[in-house]
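Report on the structure
Residues per chain, in single letters:
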Amino acid sequence: MRELGIVDNAGVLCLEGKIAWVGPMSEWTSRANRMLPPRAQGIEEFDAAGMVVVPGFVDSHTHMMFAGDRAHEFALRSAGATYQDIARQGGGILNTVLHVRSASKKELKRSTLRYMNEMMKQGTTTVEIKTGYGLTLDAEIKMMEAIHELKEEEMMGVVATFIGAHAVPPEFTEDRAAYAELVIGQMIPYIGKRNLAQFCDVFCEQGYFDLDSSRRILEAGKAWGMMPKVHAEELTSLGGAKLAAQVGAASADHLERVDDAGIAAMRDAGVVATLLPGVSFFLNHGYAPARALIDAGVPVAIASDFNPGSCMSFSMPLMMTIACTQMRMSPEEALCAATLNGAAALRLSATCGSIEVGKNADLLVADVPDYTHLAYHFGMNHLVKTIKNGTILEF
Ligand code: NIG
Ligand code: FE
């Protein structure tokens, strides 16, 4: 994570949406020019002299499809209430669920697309989007289809995750096991049959889903072709990191309260640790042990977790700043975590996350003296261009 492979005075050639060549400009004429089609048409050239080019950010954990907002809860927290206090009073996830249930698929798509466009301006070229604010068969399908349609229709890279096990809805408070059965018996088969989601996630947490039902839900998802992900060890140490290792999850996310045994299990199973610095900052509830994870050899990704409750921001540079100042990650580690390791958390590292020949041409051009400034000079957008699949986005 500390080896960025920086090339000074570099050139990148993108053809048909992919990176066709990258290397020092001193080799450009002899190498890259030979690869251009004979009468190259529509080739755009951009001189980024004095600037920095990095891979597009991969935001591998978001709940960005939602309706309504939770500004009121933000105010309550500023007066001392905790996320759990608010959830116990019927706020939190269930507050957003009420709004999403009454929103149409079209409305959900429209608000999500607005955020997607803004995200691309801030450098995110691939994003994971979760369901989990429907919590009935119909409402989860509505979200799932909306995400799937955005994936098909839009230029931004979208990865769809089903998280019917995000909270137990009010209709099931008296029979929580029955809700897990609904997720396993009806939601997962419906989504699996139609191939609507790449991943299946669960909020493995006290008051949400215990270890046993989390395991059953993730195994059911796997049987229908969805790779597991786990919201693990966020508010309490329940053992979600070990569970992630046991079910072969692509990632375990949050991990504020992961212990040494959980870290060792993740390392041995090759589970990516997706850390969410914005959540710790926004809820002020302590940070995940990034150093212990990295030093143990666990691949660490950082993501925004963008959602109306625990992190109302999708700024990946801000997440990098918090990772550096609060979690003692180096600027190099933060950049790797926001790009290549985010791709790994989505099992996409063969196609995106770094500037390598054959990968998607997802590049950011930043007007900064060097990459450290992306995290160091925080609170402003340094990007002059976002390039997605070789297309230069103007904004
Ligand atoms: O990742 N922890 C569980 N789910 C989200 C919070 C979603 C919400 O509060 O609406 C998270 O932090
Ligand atoms: Fe989350």
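For the structure given in this document, a descriptive report is provided here. Everything quoted here is computed from the prediction, not taken from an experiment. (Residues numbered from 1 in each chain as written. Chains lettered and ligands numbered in written order. Predicted model: local features only at pLDDT ≥ 70, side-chain atom pairs only at ≥ 80, totals over all residues. Heavy atoms only, no water.)

A short note on the coordination of the iron ion (ligand 2)
Those donors, His61 (NE2), His63 (NE2), His231 (NE2) and Asp305 (OD), are the protein atoms that reach the iron ion (ligand 2), and they lie 2.1 to 2.6 Å from it. The motif formed by the donor residues of the iron ion (ligand 2), counted along the single chain, is H-x1-H-x167-H-x73-D. Pair noted here: His231 is in strand E8 (residues 227-232) and Asp305 is in the loop between strand E11 (300-302) and helix H13 (316-327), with a separation of 74 residues, a long-range link. Residue His231 shares its accessibility class with Asp305, and that shared class is buried. (Donors = N, O, S within 2.8 Å, 3.2 Å for Na, K, Ca; no water. Helix = DSSP H or I, 4+ residues; strand = E, 2+ residues; numbered from the N terminus. Buried < 20%, exposed > 50% of the residue type's maximum accessible area, 1.4 Å probe, protein only.)

As for the packing of helix H4 (residues 93-102) against helix H6 (residues 137-153)
Two elements in contact, H4 and H6, have axes whose closest approach is 10 Å; the angle formed by their N-to-C orientations is 75 degrees. Regarding the angle of H4 to H6, the classification is roughly perpendicular. Touching Val100, Arg101 and Ser102 of H4 are Ala139, Lys142 and Met143, all from H6. Split by residue class, the contact of H4 with H6 holds three nonpolar, one polar and two charged. (Axes fitted to C-alpha atoms, helices over the stretch in contact; angles between N-to-C directions. Parallel < 35°, antiparallel > 145°, perpendicular 65-115°, else oblique. Contact = heavy atoms within 4.5 Å. Nonpolar A, V, L, I, M, F, W, Y, C, P; charged D, E, K, R; others polar.)

What about the sheet that holds strand E13 (residues 383-388)?
An order of E3-E12-E13-E14 is seen for the four strands of this open sheet, with the pairing classed as antiparallel. Each end of this open sheet is capped by a strand with a single partner; those strands are strand E3 (52-55) and strand E14 (391-393). Averaged over all pairs of adjacent strands, the angle between their axes in this sheet comes to 25 degrees, without regard to strand direction. The pairing of E3 with strand E12 (residues 363-366) spans four bridges and is classified as antiparallel. Each bridged residue has a counterpart across the sheet, and for Val52 the counterpart in E12 is Ala366. (Pairing = 2+ DSSP bridges.)

Concerning the layout of surface pockets
Over the atoms, a rolling probe the size of a water molecule traces out where space has been left empty. Estimated volume of the second largest pocket: approximately 340 Å³. Every residue lining the second largest pocket is counted, 18 residues in all, and those nearest its centre are Ala87, Arg88, Gln206, Gly207 and Tyr208. Looking at which element gives the most residues to the lining of the second largest pocket, the answer is helix H3 (residues 83-88), with three residues. Looking at the lining of the second largest pocket, its residues break down into seven nonpolar, eight polar and three charged. (1 Å grid on protein atoms, 1.4 Å probe; cavity = no way out; pocket = protein on both sides within 12 Å on 5 of 7 lines; lining within 4 Å. Points joined across faces, edges and corners; volume = space filled by probe spheres on them.)

A look at the packing of H13 against helix H14 (residues 331-338)
Direction vectors running N to C along H13 and H14 enclose 140 degrees, while the axes themselves pass 9 Å from each other. The orientation of H13 with respect to H14, classified from their angle, is oblique. For the crossing formed where H13 meets H14, the hand is right-handed. On H14, the residues touching Met316, Met320 and Cys324 of H13 are Pro331, Ala334, Leu335 and Ala338. (Left-handed = near helix turned anticlockwise from the far one by under 90°.)

Digging into the packing of aromatic side chains
A complete count under the given rule lists ten aromatic pairs for this structure. Members of the aromatic cluster, each reached through a chain of ring pairs, are Phe66, Tyr115, Phe306 and Phe314. Here Arg114 stacks its cationic end above the ring of Tyr115, 5.6 Å away from the centre of that ring. In this structure, Lys229 is placed above the aromatic ring of Phe199, and the distance from its NZ or CZ to the ring centre is 4.8 Å. (Phe/Tyr/Trp six-rings, centres within 6.5 Å; stacked < 30°, edge-to-face > 60°. Lys NZ or Arg CZ within 6 Å of the ring centre and 35° of its normal.)

Comments concerning the nonpolar core
Core analysis: the biggest nonpolar cluster contains 104 residues, and Phe162, Ile217, Leu255, Leu275, Ile302 and Met320 have the highest contact counts within it. When residues of this core are assigned to their parent elements, the largest contribution, eight residues, is made by helix H7 (residues 176-194). If we ignore the near neighbours within four places in the chain, the residues touching Met320 are Phe57, Ile302, Ala334, Leu335, Ala338, Leu374 and Ala375. Of all hydrophobic cores here, the second largest spans seven residues; its members include Val58, Phe199, Ala250 and Leu346. (Core = buried A, V, L, I, M, F, W, Y, C linked by side-chain atoms within 4.5 Å.)

Quick notes on empty space enclosed by the protein
Scanning the model with the defined rule gives one cavity of 30 Å³ or more in all. What lines the largest cavity is a set of 13 residues, among which His63, Tyr83, His166, Asp305 and Ser310 lie closest to the centre. Among the residues making up the lining of the largest cavity, the classes are represented as four nonpolar, six polar and three charged.

Considering the sheet that holds strand E4 (residues 57-59)
The strands that make up a sheet pair up through hydrogen bonds in the backbone, lying either parallel or antiparallel. Within the open sheet, the eight strands sit side by side as E4-E5-E6-E7-E8-E9-E10-E11. Their pairing is parallel. The open sheet is flanked by E4 and E11, the only strands paired with a single partner. Mean inter-strand twist for the sheet, computed between neighbouring axes without regard to direction, equals 25 degrees. Sheet topology note: the strand E10 (residues 272-275)/E11 ladder contains three bridges and is parallel. Its bridge partner lying in E11, Ala273 is registered against Val300. This element, helix H9 (residues 240-247), spans E8 and strand E9 (251-254) of the sheet and lies at about 175 degrees to E8.

Quick notes on the site of ligand 1
Residues in contact with ligand 1 amount to 15 residues; listed here are only the nearest, Arg70, Tyr83, Tyr133, Asp305 and Ser310. Between ligand 1 and the protein, one listed contact pairs an oxygen atom with a side-chain N or O atom of Arg70 at 2.8 Å. Within the side chain of His231, an N or O atom sits 3.1 Å from an oxygen atom of ligand 1. In isolation ligand 1 exposes 320 Å². Once the protein is present, 100% of that is buried. If you map ligand 1 onto the pockets, it falls in the largest cavity. (Near = heavy atom within 4 Å. Polar contact = N/O pair within 3.5 Å; in protein donor to acceptor, adjacent residues only side chain to side chain. Areas by Shrake-Rupley, 256 points an atom, 1.4 Å probe, with all protein chains shown as cover. Sits in = over half its atoms within 2 Å of the grid points.)

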